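Here's the letter readout for the chains.
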Amino acid sequence: MLIAFLAAAADLHAQRTKSSLSAGNQRNAEKGLKDNRYFFYFINSSITNLGTDEEKKLFREAIQRDIIAQQLYMKFLFLESFKEIRRAQKILIDLYRITLARDIGSARGLLNGFAPAVVKSKDHLARHYLRLGYRDTEDARIDMMMADNFQENLYSMRLYRYSKAIKKVKHGRRYAFFSMLEATTTREERRQLGRHDYKELRDMIEAASDPDRKERHLLIHADNYYLPLEGQSFYDSVWDSPNLGEIPEYENYLKMN
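Definitions and limits used
Residues numbered from 1 in each chain as written. Predicted model: local features only at pLDDT ≥ 70, side-chain atom pairs only at ≥ 80, totals over all residues. Heavy atoms only, no water. Helix = DSSP H or I, 4+ residues; strand = E, 2+ residues; numbered from the N terminus. Buried < 20%, exposed > 50% of the residue type's maximum accessible area, 1.4 Å probe, protein only. Contact = heavy atoms within 4.5 Å. Areas by Shrake-Rupley, 256 points an atom, 1.4 Å probe, with all protein chains shown as cover. Salt bridge = Lys/Arg side-chain N within 4 Å of Asp/Glu carboxyl O. 1 Å grid on protein atoms, 1.4 Å probe; cavity = no way out; pocket = protein on both sides within 12 Å on 5 of 7 lines; lining within 4 Å. Points joined across faces, edges and corners; volume = space filled by probe spheres on them. Nonpolar A, V, L, I, M, F, W, Y, C, P; charged D, E, K, R; others polar. Core = buried A, V, L, I, M, F, W, Y, C linked by side-chain atoms within 4.5 Å. pLDDT = per-residue confidence, 0-100.

Notes on the overall build of the protein chain
And step 1. Looking only at helices and strands, the protein chain features ten helices and zero strands.
And step 2. Traced from its N-terminal end to its C-terminal end, the protein chain shows the element sequence α-α-α-α-α-α-α-α-α-α.
And step 3. In the protein chain, which comprises 257 residues, the proportion classed as buried is 44%.
And step 4. In the protein chain, 76% of the contacts between residues at least 6 apart in sequence involve partners at least 24 apart.
And step 5. Looking at the protein chain as shown, the accessible area adds up to about 14,300 Å², and 54% of this sits on carbon and sulfur atoms.

Structure follows, in structure tokens:
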């Protein structure tokens, strides 16, 4: 009788442990999928507008693995889903690091390029915008360095800090354009400069930019507002044609459940 009772108790404990592990895996996968939506949003416009072929290749794989993770979650394969989420985030860490370094460089390039005209104009507001641009760009660099030095396996924490850096560098580039417009346009045109919407600023940047720099300035302006300059975003294009068979593990997942 005692042996039967102990066996039943052990079986009940095993069931509870298994159920607890499954619930934990589900929570981890659910949080990871939610985090990934945020991380993809912050990087999408940078890759769409300014990404190199190598950056697009990395981004494509990260999106594919996230799509697979969503499919596995819907099949109640929570542990496998979380593994793919982690793989996607590891790729995103590399991608964020590459993209941030490029974006910080482009922000400094804009600020340094506009600085002579801003200083020459002796416009106090243009100089103020320039200082704000340099400040936010430097803050972005510091946030990037902080994320670089987080514990390696804290993927979400690192990506949240990288996202913060991306937000700051975009602000820095907005201020760069504000400083240029304040220094080079008429008083009537720059009145309430900070209140212009995206399209109005786009038209002003297009009119004020040198012909050989106009296209790049418009790409950066679109990226500052998390928008593709034209057409479909890269993220949406991958979702439209994910080709998940390119991921080696995908065939094994199809056999599960």
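Describing the pattern of salt bridges
And step 1. Tallying each qualifying case throughout the model produces 19 salt bridges.
And step 2. Of the charged contacts in the structure, one is a salt bridge between Glu61 and Arg65, with a shortest N-O distance of 3.0 Å. Here Arg65 and Glu61 lie together in helix α2 (residues 53–74), a separation of four residues that amounts to about one turn.
And step 3. Among the residues examined, Glu61 registers a relative accessible area of 27% and is labelled partly exposed.
And step 4. Given a relative accessible area of 6%, Arg65 falls into the buried group.
And step 5. The partner of Arg65 in a salt bridge is Glu84, and the shortest N-O contact between them spans 2.9 Å. Of the two residues, Arg65 sits in helix α2 while Glu84 sits in helix α3 (residues 78–121), which places them 19 residues apart along the sequence.
And step 6. Glu84 sits in the buried class, given a relative accessible area of 0%.
And step 7. Each of Glu55, Arg102, Asp103, Lys170, Arg173 and Asp223 takes part in a single network of salt bridges with overlapping partners.

Some thoughts on the layout of surface pockets
Over the atoms rolls a probe the size of a water molecule, and in doing so it shows where empty space is left.
And step 1. The space that makes up the largest pocket amounts to roughly 170 Å³.
And step 2. Lining the largest pocket are 13 residues, and of these Lys31, Asp35, Phe82, Arg86 and Ser156 sit closest to its centre.
And step 3. Contributions of two or more residues to the lining of the largest pocket are made by α1 (2–50), α3 and α5 (155–184).
And step 4. Across the lining of the largest pocket, the residue classes break down as five nonpolar, five polar and three charged.

Here's the deal with the nonpolar core
And step 1. If you look at the biggest cluster of nonpolar residues, it comprises 38 residues, and the most contacted ones within it are Phe59, Leu92, Tyr96 and Tyr162.
And step 2. Listed by contribution, the elements that provide at least two residues to this core are α1, α2, α3, α4 (124–148), α5, α9 (234–240) and α10 (250–254).
And step 3. Ranked by residue count, the leading element in this core is α3, at eight residues.
And step 4. The contacts of Tyr162, once residues within four sequence positions are left out, are Ile93, Tyr96, Arg97, Leu100, Met144, Ala147 and Asp148.
And step 5. Listed in part, the 22 residues of the second largest apolar core include Phe114, Ala126, Tyr129 and Ala183.

Structural notes on the confidence of the model for the protein chain
And step 1. Predicted confidence across the protein chain gives a mean pLDDT of 88, with 88% of residues reaching 70 or more.
And step 2. The low-confidence segment residues 2–10 (pLDDT under 50) makes zero contacts with residues lying over four places distant or belonging to another chain.
And step 3. Low pLDDT, under 50, characterises residues 12–16; the stretch is placed with zero contacts to residues that sit more than four places away or in other chains.

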